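The lines below spell out each chain.
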Amino acid sequence: MESADTRVAIITGGAGGIGQAMARRMIVDGHRLALMDIDGDAAARVAAAINQEAGTNGVFAIGGDVSQTADCERAVAQTADAFGQVDIVVNNAGFGASKIRPDGEKNLLTLEELTPEVWHQFFSVNIDGPLQMIRAALPGMRTRGWGRIINVTTSFFTMLRNMPYGASKAALEAGSAAWAQELDGTGITVNVVVPGGPTDTPFIAPESGLDPAKMLRPDVMGPPVAWLCSRDADNVTGQRFIGGKWDPALPDSEAATIAGSPAGWPELAASTVIWPDD
Ligand code: NAD
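First things first, this report covers the structure right here in the doc. Since the structure is predicted, the reported quantities are computational estimates derived from the model, not experimental observations.

## Let's talk about the pattern of salt bridges
Phase 1 of the analysis: Within this structure, the stated rule accounts for ten salt bridges.
Phase 2 of the analysis: Between Asp-87 and Arg-144 there is a salt bridge, with the nearest N and O atoms lying 3.5 Å from each other. Here Asp-87 is found in the loop between α3 (69-83) and β4 (88-91), whereas its partner Arg-144 is found in helix α4 (residues 116-144), with 57 residues between them in sequence.
Phase 3 of the analysis: The exposure class assigned to Asp-87 is buried, which follows from its relative accessible area of 2%.
Phase 4 of the analysis: Residue classification places Arg-144 among the partly exposed residues on the basis of a relative accessible area of 34%.
Phase 5 of the analysis: Ionic pairing is found between Glu-113 and Arg-101, a salt bridge with its closest N-O pair at 2.8 Å. Of the two residues, Glu-113 is situated in the loop between β4 and α4 and Arg-101 in the loop between β4 and α4; the sequence distance between them amounts to twelve residues.

In structure tokens form, the structure reads like this:
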């Protein structure tokens, strides 16, 4: 049975490992979900499987590429057609080094490999995509005075190591902190969720040499995302939650305190020497 807290969400990259895990957790709370993915067939298979498991028809698939503004706008329009509105955008679709070279997570991409085309591919999916998804969904959220933007970035360790993936995710992290401030007081929150390390999904190709058994499980992302979508998190914005540190055995507020910190790097921002006022 749906409660007043049930919402409509788009999860980008919804056919992938983490997207599926978040969808499986969110459907339990009665939210209705659009799984948008560049692999529309895979998204359709995942949507059908989750509908069957959950005994619902609350999940549907949209084929679309987040790097294309028209696809972002179409995804929001299709979701609103199906479910009336879009309350939650989970920017989860991601482009990683394994897509350029299967061993790219182990032998990092070199400067010589970072052609303008390669550089642009990472940024168009990992930061342009989330921005255009937010812009497409924002008018409806503003009208209703309620919204959730949840951005999946990555570990700070990776941001400073793995180019250009790390730089594109650092851009999304910085955008999350800035947009949370811009939207403060509107009822629309902006937060970051990360797993906290390599996670066992197709994102990390076997050629990475990393042992999947030692990686995080994608379902660590479910509990923080579910909580962020609830009314309990109405006043939570500009924060970053590490799924691998979230203890589902604790009450959500306690788990959030342990797993959470401000998004971005505000402690470094504090080192600015002067900021002249007009
Ligand atoms: P995944 O490869 O299993 O899933 C990613 C999904 O995004 C795929 O279904 C893919 O088809 C889709 N996608 C890719 N480009 C797209 C585009 N342009 N438009 C729409 N969909 C697109 O990977 P995952 O591990 O589930 O990754 C989800 C997110 O988590 C990514 O943003 C990734 O950067 C982030 N992340 C992953 C890890 C990890 O170790 N797996 C760690 C930290 C953060």
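## Thoughts on the environment of Gln-132
Phase 1 of the analysis: Note on placement: Gln-132 falls in helix α4.
Phase 2 of the analysis: By relative accessible area, which is 18% here, Gln-132 ends up buried.
Phase 3 of the analysis: Each C-alpha atom, one on Gln-132 and one on Asp-71, is 9.3 Å from the other, the two residues being 61 residues apart in sequence.
Phase 4 of the analysis: Ignoring any residue separated from it by four or fewer positions in sequence, one finds Gln-132 in contact with Thr-69 and Cys-72.
Phase 5 of the analysis: Engagement of the side chain of Gln-132 in a polar contact is seen with the side chain of Arg-135, the distance being 3.2 Å.

## A word on the pairing of strand β2 (residues 32-37)
Phase 1 of the analysis: β2 sits mainly inside the fold: five of its six residues count as buried.
Phase 2 of the analysis: What joins strand β1 (residues 8-12) to β2 is helix α1 (residues 17-28), and the crossover it makes is right-handed.
Phase 3 of the analysis: Direction of pairing for β2 relative to strand β3 (residues 59-63): parallel, over a ladder of five bridges. In the sheet register, Ala-34 faces β3, and the bridge partner there is Phe-60.
Phase 4 of the analysis: Note on the crossover from β2 through helix α2 (residues 40-54) to β3: the handedness is right-handed.

## With respect to the environment of Asp-200
Phase 1 of the analysis: Looking at the element boundaries, Asp-200 is found in the loop between β6 (188-194) and α7 (222-228).
Phase 2 of the analysis: With relative accessibility at 29%, the residue Asp-200 sits in the partly exposed group.
Phase 3 of the analysis: Along the chain, Asp-200 and Ala-213 lie 13 residues apart, while their C-alpha atoms are 7.8 Å from each other.
Phase 4 of the analysis: Those residues in contact with Asp-200 that sit more than four places away from it in its chain are Pro-212, Met-215, Leu-216, Arg-217 and Pro-218.
Phase 5 of the analysis: Side chain to side chain, Asp-200 and Arg-217 meet in a polar contact 3.0 Å long.

## Digging into the packing of α4 against helix α6 (residues 165-182)
Phase 1 of the analysis: Two elements in contact, α4 and α6, have axes whose closest approach is 8 Å; the angle formed by their N-to-C orientations is 20°. With respect to α6, the element α4 is oriented roughly parallel. As α4 packs across α6, the resulting crossing turns out to be right-handed. Packed against α4, whose contacting residues are Trp-119, Phe-122, Phe-123, Asn-126, Ile-127, Pro-130, Leu-131, Ile-134 and Arg-142, the element α6 presents Tyr-165, Ala-167, Ser-168, Lys-169, Ala-171, Leu-172, Trp-179 and Glu-182 at the interface.
Phase 2 of the analysis: Of the residues belonging to the contact of α4 with α6, the class tally is twelve nonpolar, two polar and three charged.

## Some points on the nonpolar core
Phase 1 of the analysis: Within the largest apolar cluster, 35 residues are counted, with the highest numbers of intra-cluster contacts made by Met-22, Met-26, Trp-227 and Leu-228.
Phase 2 of the analysis: The set of elements that each furnish at least two residues to this core consists of β1, α1, β2, α2, β4, β5 (147-152), α7 and α8 (252-259).
Phase 3 of the analysis: Leave out the neighbours within four places in its chain, and Met-26 touches Ala-9, Ile-11, His-31, Leu-33, Ile-88, Val-225 and Cys-229.

## Some remarks on the packing of α1 against α2
For any two helices packed against each other, the geometry comes down to the angle between their axes and how far apart the axes lie.
Phase 1 of the analysis: Close contact between α1 and α2 brings their axes to 11 Å; oriented N to C, the two are set at 30°. Here α1 is positioned roughly parallel relative to α2, judged by the angle of their axes. Pair α1 / α2 crosses with right-handed handedness. Across from Gln-20, Ala-23, Arg-24 and Ile-27 in α1, the residues of α2 making contact are Val-46, Ala-49, Ile-50, Glu-53 and Ala-54.
Phase 2 of the analysis: Broken down by class, the residue content of the contact of α1 with α2 amounts to six nonpolar, one polar and two charged.

Conventions and cut-offs
Residues numbered from 1 in each chain as written. Predicted model: local features only at pLDDT ≥ 70, side-chain atom pairs only at ≥ 80, totals over all residues. Heavy atoms only, no water. Salt bridge = Lys/Arg side-chain N within 4 Å of Asp/Glu carboxyl O. Helix = DSSP H or I, 4+ residues; strand = E, 2+ residues; numbered from the N terminus. Buried < 20%, exposed > 50% of the residue type's maximum accessible area, 1.4 Å probe, protein only. Contact = heavy atoms within 4.5 Å. Polar contact = N/O pair within 3.5 Å; in protein donor to acceptor, adjacent residues only side chain to side chain. Right-handed = clockwise from strand over helix to strand, strands pointing away. Pairing = 2+ DSSP bridges. Axes fitted to C-alpha atoms, helices over the stretch in contact; angles between N-to-C directions. Parallel < 35°, antiparallel > 145°, perpendicular 65-115°, else oblique. Left-handed = near helix turned anticlockwise from the far one by under 90°. Nonpolar A, V, L, I, M, F, W, Y, C, P; charged D, E, K, R; others polar. Core = buried A, V, L, I, M, F, W, Y, C linked by side-chain atoms within 4.5 Å.

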